[in-house]
Amino acid sequence: MTVNFSACSKEVVCVSIGANLLLPIAHRFTRCLLDAIETDVERIIKSHLNKDIGFCTDADLQVIGTCAELIKAENIDCAKKAGLGWRVFDVAGATVGVLFLWTGLASEIGGYSILLFLPVLSVSAVAVFRSLRWYSRMRLTIWCVKWFVHIRRRFTDRLTKEMREVEDNENILNTLGANLDSVISAKPTAHMHRTSPSPPSVPGRPVPSMPQSPTP
Amino acid sequence: MTDEEKNAYRYMIKLLIEIGSQTRIDNDGPDHARIILEEMFRAAKRTAYVFCGCVSAAVWGGEDMAKIVTEAIDRGVDVKFIVQRPDDLELRAQAVYDVVGNAGRILHSEAFANLKPHFSVFDEKMYRIEKSDANKTARACANDTDTSKRLHDYALRMIEFAGQEKSRAEDPKDCAEA
């Protein structure tokens, strides 16, 4: 279904005037979208890096913090522009629309009257574009930090395991060494001997306590 | 352990030995111990020193174990078993005990009766050491020269000590002088 704007140019102009008068709302839409991006570093860490929170370094927080600050600055900048720039567009667009209606030019211009929507459309488009750009930038930053933290965590886990194993080995060896030292340094007794399945062949020598092997 | 699991475990151990991996493997149970010791015996080139309770059948009683130990001795590996309980006939793996004992490679000293932990060390490179007697857990590594050298030194001291004890026991005069 197609709409014939030429046939209802007056209505189009009226709607565009109304839309232009609602431009501050459209602009607020920008801010709303930007506001919707989480910029609180603490919350970001909690919601995205909760499991690895212990492995986040100051540098990680710094990266996310910087990105958050940029979004906040963008938001403030957006608010400043709203103070003058968009309102001039807004008033101009609406005034032109009223003039078109008043002078009867609206019927002659016909379908081109839809261009009066331009300010509203451009503000909305910019809003979406900016918000998407900052949102993706923030997500990318979080993802990068998360990935680095994950890698670091795996490496640290492995390193900790290695260190624990080395320490463990060291303890076992030290215990064995100490026990061996005490055994060897203790006065040896005469009944210690080497055993093998074959019995001593020389008579008169001590008989080992080990019994004979059942197999020949 | 199923046969598939045993084969997979043996494959892994072989691979670790072949590539000289420094990965430490924590292992438990006699099946793990047997596979590790078999493969380390197969790979040994110079020395194989074992300090154990009684050459138990659970670990040393595998079908191929006696053959593997014999092959190691035949290719010139210095095989020594330092045994805590040589009289433990019920538990010991007789085939391996005969192979090693007939070559005079089983040593014993009552001084070592309570010494822990048990270990095996091969070529000052590979080792298996029991970490915990209660949990029957052990650690093995196919390429850890630091730990292996220390274990090798301990084994040599034990062998020397047991040898001296044997001499004293065989020659009462020496014993009296000592």
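The present account deals with the structure reproduced in this document. (Residues numbered from 1 in each chain as written. Chains lettered and ligands numbered in written order. Predicted model: local features only at pLDDT ≥ 70, side-chain atom pairs only at ≥ 80, totals over all residues. Heavy atoms only, no water.)

1. Here's the deal with the overall build of chain B
Working step 1: Helix and strand content of chain B: 7 helices and 7 strands.
Working step 2: Each helix (α) and strand (β) of chain B, taken in turn from the N terminus, gives the series α-β-α-β-α-α-β-α-β-β-β-β-α-α.
Working step 3: Here chain B holds 178 residues, and the buried ones make up 53% of them.
Working step 4: Counting every atom, chain B has about 8000 Å² of accessible surface; 47% of that belongs to carbon and sulfur. (Helix = DSSP H or I, 4+ residues; strand = E, 2+ residues; numbered from the N terminus. Buried < 20%, exposed > 50% of the residue type's maximum accessible area, 1.4 Å probe, protein only. Areas by Shrake-Rupley, 256 points an atom, 1.4 Å probe, with all protein chains shown as cover.)

2. Quick word on the sheet that holds strand β7 (residues 137-141) of chain B
Residue and element names in this part refer to chain B.
Working step 1: Here 7 strands make up an open sheet; going across it, the order is β1-β7-β6-β5-β2-β3-β4 and the pairing mixed. Both outer strands of the open sheet, β1 (24-28) and β4 (106-107), are each paired with one neighbouring strand and no more.
Working step 2: Direction of pairing for strand β3 (residues 78-83) relative to β4: parallel, over a ladder of 2 bridges. Pairing of Phe 81 across the sheet is with Ile 106, part of β4.
Working step 3: Across the sheet, helix α6 (residues 145-170) lies against β2 (47-52), β3, β4, β5 (119-122) and β6 (126-132), angled at about 110° from β5, the strand it touches most. (Pairing = 2+ DSSP bridges. Contact = heavy atoms within 4.5 Å. Axes fitted to C-alpha atoms, helices over the stretch in contact; angles between N-to-C directions.)

3. Quick notes on helix α4 (residues 65-74) of chain B
All names here are of chain B.
Working step 1: Listed in full, the buried residues belonging to α4 are Met 65, Ala 66, Ile 68, Val 69, Ala 72 and Ile 73. Relative to the axis of α4, the buried residues are bounded by an arc of 165° and lie together on one face. Exposed positions of α4 whose direction lies more than 90 degrees from the buried face are Lys 67 and Asp 74.
Working step 2: Buried residues along α4 sit against α2 (30-43), α3 (57-60), β3 and α5 (94-102).
Working step 3: Two residues or fewer after α4 comes Gly 76, characterised by a positive phi angle close to 95°. (Arc of directions from axis to C-beta.)

4. What to know about a nonpolar patch on the surface
Residue and element names in this part refer to chain A.
Working step 1: Together, Leu 140, Trp 143, Trp 147, Phe 148 and Ile 151 line one region of the surface with nonpolar side chains, adding up to about 580 Å² of accessible area.
Working step 2: Counting through the fold element by element, Leu 140 comes out in helix α7 (residues 118-185).
Working step 3: When its relative accessible area of 54% is taken as the criterion, Leu 140 is described as exposed. (Patch = residues over 30% accessible without salt bridge, like charges linked within 9 Å, V, L, I, M, F, W, Y side chains within 5 Å. Salt bridge = Lys/Arg side-chain N within 4 Å of Asp/Glu carboxyl O.)

5. Topic: the side chain of Thr 147 of chain B
Working step 1: Turning to its location among the elements, Thr 147 of chain B is positioned in helix α6.
Working step 2: Side chain to side chain, Thr 147 of chain B and Asp 144 of chain B meet in a polar contact 2.8 Å long.
Working step 3: Ignoring anything within four residues of it in the chain, the contact list for Thr 147 of chain B reads Asn 169 and Leu 173 of chain A together with Tyr 127 of chain B. (Polar contact = N/O pair within 3.5 Å; in protein donor to acceptor, adjacent residues only side chain to side chain.)

6. Focus on the layout of surface pockets
All names here are of chain B.
Working step 1: In this structure, the largest pocket spans a volume of roughly 530 Å³.
Working step 2: Lining the largest pocket are 27 residues, and of these Ser 56, Val 59, His 118, Glu 130 and Lys 136 sit closest to its centre.
Working step 3: Here the lining of the largest pocket is composed, by residue class, of 14 nonpolar, 7 polar and 6 charged. (1 Å grid on protein atoms, 1.4 Å probe; cavity = no way out; pocket = protein on both sides within 12 Å on 5 of 7 lines; lining within 4 Å. Points joined across faces, edges and corners; volume = space filled by probe spheres on them. Nonpolar A, V, L, I, M, F, W, Y, C, P; charged D, E, K, R; others polar.)

7. Observations regarding empty space enclosed by the protein
Residues and elements named next belong to chain B.
Working step 1: For the structure on display, the rule yields 2 cavities of 30 Å³ or more.
Working step 2: Counted as a void, the second largest cavity has a volume near 40 Å³.
Working step 3: Lining the second largest cavity are Ile 13, Leu 16, Ile 17, Ile 25, Ile 36, Met 40, Ala 140, Cys 141 and Ala 142.
Working step 4: Elements supplying a minimum of two residues to the lining of the second largest cavity: α1 (3-19), α2 and β7.
Working step 5: The leading source of residues in the lining of the second largest cavity is α1, at 3 residues.

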